Amino acid sequence: MPYMAQKSSFEELRRPDLSFAIQTLNLNKIFGGLVAVDNLNLDVRQGELFALLGPNGAGKTTALSMICCLMKPSGGSAFVMGHDITIAPYEVKKLIGVVPQETTLSPRLNPLENLELVAAMHGLSSNKAKKWSKLMLETIGLESRAKDQVRKFSGGMKRRLSIAMALIHDPQVVVLDEPTLGLDPQSRRNIWEYIGRLKGEKTILLTTHYMEEADSLADRIGIIDSGKIVALGTPAELKTSGLDVRTIVVKGWNITQNAILHLQDHYQDVKIEGGTILITDKDLDFNILVSQLQTYGVSPRAVYFREPTLEDVFIRTTGKELRE
């Protein structure tokens, strides 16, 4: 069952459970008087792809930075594969691969040199670094550009290389902070396909601004706002939870202003979008609505319930639209 903010289970005292790949325990981060992360509690299962959604400034990147031992928490803690980030940060860093929002590539090196450099930093032998770098380059489809400087690469190619660099030391946990932000649709889908192939093999913690990305890739989704989890569940659970209102889509002819005014007298929200009527209310009755449309002179050619989306859930729980 999905978790919604009004429940109090996440506010209770929690104890470490080392069966989880990632677990946060009342994790906090305060900058001056600003609470960026507020008693964050997450349980990410081994092999799971967990997506964290939230508006700008919600605390996503700050939470990831603490989990990756790049920032010390103000309170609470987190465990990665059983290691406490506050006690054993170096052990945690060995187990994770990180793809930050901004690419951290050496632009005048070629992709093999970038991969070998990161492999060496993780302690791989020279022979192993060369072998794995070639394999990773083939896996991400950049073997034909092996000798080109990275500065000549497109945004999508750079993101693929960034992911390969995060995987070069074969980490158990992969952290992807908005890996497709700013990419064109084709490049974005190429990245999605590659991430999808990692599911089940690695534990993946993903932040994203794209609802479709979270919906298609994630096993579970947590929506964060003001540093707190406000909703948690599978994509299907979230989309069907708390549905106190529904929307019917009406397409037809003779949609007059008079008809719209009559509908607005009866229903909570009535909108016109390019000749299509969107009617939202509690307990909508399909047959009654069709009869009303005919009474008001509208000739419907298609009337159907609109399936709820993650964007509906997001706006309902945070009151904000997700923007880049």
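Residues numbered from 1 in each chain as written. Predicted model: local features only at pLDDT ≥ 70, side-chain atom pairs only at ≥ 80, totals over all residues. Heavy atoms only, no water.

Participant: Help me get a handle on the pairing of strand β2 (residues 22-31), residues and values and all.
Facilitator: With seven of 10 residues buried, β2 is to be regarded as a mostly interior element. Pairing between β2 and strand β3 (residues 34-44): seven bridges, direction antiparallel. Within β3, the position partnered with I22 by the bridge is V44. As consecutive antiparallel partners, β2 and β3 are separated by two residues, and within that stretch G32 has a phi angle of approximately 60°, a positive value. (Buried < 20%, exposed > 50% of the residue type's maximum accessible area, 1.4 Å probe, protein only. Helix = DSSP H or I, 4+ residues; strand = E, 2+ residues; numbered from the N terminus. Pairing = 2+ DSSP bridges.)

Participant: Would you mind going over the confidence of the model for the protein in detail, with residue names and values included?
Facilitator: Residues of the protein with pLDDT of at least 70 account for 94%, and the chain-wide mean is 90. The low-confidence segment residues 6-11 (pLDDT under 50) makes seven contacts with residues lying over four places distant or belonging to another chain. (pLDDT = per-residue confidence, 0-100. Contact = heavy atoms within 4.5 Å.)

Participant: Any details on the packing of aromatic side chains? Residues and values, ideally.
Facilitator: All told, the structure shown has one aromatic pair when counted by the stated rule. Taking 6.4 Å as the distance between ring centres and 40° as the angle between the ring planes, the aromatic pair formed by F286 and F305 counts as tilted. Residue F286 is located in helix α10 (residues 286-295), and its partner F305 is located in strand β15 (residues 299-305); the two are separated by 19 residues in the primary sequence. For F305, a relative accessible area of 25% gives the class partly exposed. Here the guanidinium or amino end of R188 rests over the ring plane of Y210, the centre of that ring lying 4.0 Å away. The cationic tip of R301 hangs over the ring face of W253; the distance from NZ or CZ to the ring centre is 5.7 Å. (Phe/Tyr/Trp six-rings, centres within 6.5 Å; stacked < 30°, edge-to-face > 60°. Lys NZ or Arg CZ within 6 Å of the ring centre and 35° of its normal.)

Participant: Outline the packing of helix α5 (residues 155-167) against helix α6 (residues 185-198), supporting the account with residue identities and numerical values.
Facilitator: Look at α5 against α6: their axes get within 9 Å of each other, and the N-to-C directions meet at 20°. With respect to α6, the element α5 is oriented roughly parallel. Seen from above, α5 lies across α6 with right-handed handedness. Touching G156, R159, R160, I163 and L167 of α5 are S187, I191, Y194, I195 and L198, all from α6. (Axes fitted to C-alpha atoms, helices over the stretch in contact; angles between N-to-C directions. Parallel < 35°, antiparallel > 145°, perpendicular 65-115°, else oblique. Left-handed = near helix turned anticlockwise from the far one by under 90°.)

Participant: I'd like a rundown of the side chain of T62, residues and numbers included.
Facilitator: With respect to the helices, strands and loops of the structure, T62 is situated in helix α1 (residues 60-67). The class of T62 is buried, set by a relative accessible area of 16%. Ignoring anything within four residues of it in the chain, the contact list for T62 reads K29, F31, A36, V37 and M71.

Participant: Describe the packing of helix α3 (residues 111-121) against helix α4 (residues 126-139), listing the residues and the values that go with them.
Facilitator: Put simply, α3 and α4 touch, their axes get as near as 9 Å, and they point 130° apart. Classed by the angle they form, the pair α3 and α4 counts as oblique. Every pair of crossing elements has a handedness; the one defined by α3 and α4 is right-handed. Every residue of α4 that contacts α3 at P111, L112, L115, E116 and A119 is listed here: A129, K130, S133, K134, M136 and L137. Of the residues assigned to the contact of α3 with α4, the class counts are seven nonpolar, one polar and three charged. (Nonpolar A, V, L, I, M, F, W, Y, C, P; charged D, E, K, R; others polar.)

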